[in-house]
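Breakdown of the fold
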Amino acid sequence: MNNLLILSGIGMMLVGIIPVIYWRFRNNLGIRFFVAGAFIWLISITIKLVMDFTVTGIMSNWFLWTTGTLGLIIFSGALLGIRTGLLENGLKYIGIRKYKPLSKMNFNEGVAFGLGFGCFEAFAIGLVSFITMLSFIMFPETVPAGIPGLNAPTIIVLAAIIERIATVLIHIFASLLVIYSI
């Protein structure tokens, strides 16, 4: 096992912290726009988790049984896209439209909202990754057999960090599109 893979979690958490601090102090903003973005992310992820623990498995099994593997793949891809689009961006739209202070955001505040959304996600995913790797390092006997990713070269850490940076930028862009559509 490559213990340096713990750096991916640390890197993702830094992607979740550094841009928020930079943007907040560069633009002299309070935290309410960052918190609003993080809150909308938390609501959308909670709904996704509820779906995953209730109906997604039942629907996936039905599609597999009635349409086979190809039908399941098509269904899963469509569900992932529709669910993400409706919940993440739809809830952004509803939250911004209904909460008057958010509906009047300027560009810098809109970026702060997008950073709150994307950086909270980056931090949460990084924290889970960090805790998982830390537990594997501290208790190697708990590592499930046959996980080849745990022996990956250290350079793979950059992939996780770059992916989170790209995702944060996408969340900022999507947030700005929602804000300017309102």
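Residues numbered from 1 in each chain as written. Predicted model: local features only at pLDDT ≥ 70, side-chain atom pairs only at ≥ 80, totals over all residues. Heavy atoms only, no water.

With respect to the packing of aromatic side chains
Here the structure, examined in full by the defined rule, presents three aromatic pairs. A ring pair is formed by Trp62 and Phe63, whose centres lie 5.1 Å apart and whose planes are at 85°; its orientation type is edge-to-face. Seen in terms of ring centroids, Phe63 and Phe75 are 4.1 Å apart; in terms of plane orientation they differ by 10°. Their pairing is stacked. Owing to a relative accessible area of 10%, Phe75 belongs among the buried residues under this scheme. Through a chain of ring-to-ring contacts, three or more aromatic side chains come together here, namely Trp62, Phe63 and Phe75. (Phe/Tyr/Trp six-rings, centres within 6.5 Å; stacked < 30°, edge-to-face > 60°. Buried < 20%, exposed > 50% of the residue type's maximum accessible area, 1.4 Å probe, protein only.)

Some thoughts on the packing of helix H4 (residues 107-138) against helix H5 (residues 156-181)
With their axes 8 Å apart at the nearest point, H4 and H5 run at an angle of 140° to one another. Crossing angle aside, the handedness with which H4 passes H5 is right-handed. In contact with Phe107, Gly110, Val111, Phe113, Gly114, Leu115, Phe117, Gly118, Cys119, Glu121, Ala122 and Ile125 of H4, H5 contributes Arg164, Thr167, Val168, His171, Ile172, Ser175, Leu176, Ile179 and Tyr180. (Axes fitted to C-alpha atoms, helices over the stretch in contact; angles between N-to-C directions. Helix = DSSP H or I, 4+ residues; strand = E, 2+ residues; numbered from the N terminus. Left-handed = near helix turned anticlockwise from the far one by under 90°. Contact = heavy atoms within 4.5 Å.)

Considerations on a positive patch on the surface
A contiguous patch of positive charge on the surface is contributed by Arg97, Lys98, Lys100 and Lys104. When you line up the elements, Lys100 lands in helix H3 (residues 100-103). (Patch = residues over 30% accessible without salt bridge, like charges linked within 9 Å, V, L, I, M, F, W, Y side chains within 5 Å. Areas by Shrake-Rupley, 256 points an atom, 1.4 Å probe, with all protein chains shown as cover. Salt bridge = Lys/Arg side-chain N within 4 Å of Asp/Glu carboxyl O. Lys, Arg positive; Asp, Glu negative; His and termini not counted. Charge placed at Lys NZ, Arg CZ, Asp CG, Glu CD.)

Comments concerning a nonpolar patch on the surface
On the surface, Leu4, Leu7, Ile10, Leu14, Ile17, Ile18, Ile21 and Phe25 cluster together into a nonpolar patch covering about 710 Å² of accessible area. Mapping Ile21 onto the fold places it in helix H1 (residues 6-26). With relative accessibility at 45%, the residue Ile21 sits in the partly exposed group.

Some points on the environment of Leu72
Locating Leu72 in the fold gives a position in helix H2 (residues 32-98). For Leu72, a relative accessible area of 21% translates into the label partly exposed. Distance in space between the C-alpha atoms of Leu72 and Gly114 is 33 Å, their sequence separation being 42 residues. Dropping the residues within four chain positions of it, Leu72 is found in contact with Ser60, Phe63, Leu64 and Thr67.

Let's talk about the packing of H1 against H5
As a packed pair, H1 and H5 sit with axes 8 Å apart at the nearest point and diverge in direction by 20°. It follows from the interaxial angle that H1 and H5 lie roughly parallel. Crossing geometry of H1 relative to H5 is assigned as right-handed. Of the residues in H5, those touching H1 at Leu7, Ser8, Gly11, Met12 and Val15 are Val157, Ala160, Ile161, Arg164, Ile165 and Val168. (Parallel < 35°, antiparallel > 145°, perpendicular 65-115°, else oblique.)

So, H4
Between its first and last C-alpha atoms H4 spans 45 Å; for 32 residues at 1.5 Å apiece the expected length is 46 Å, and the two agree. Capping of H4 at its N-terminal end is provided by Asn106; its side-chain oxygen lies 3.1 Å from the backbone amide nitrogen of Asn108. (Expected span 1.5 Å × (residues − 1). Polar contact = N/O pair within 3.5 Å; in protein donor to acceptor, adjacent residues only side chain to side chain.)

These figures come from the coordinates and say nothing about function on their own.
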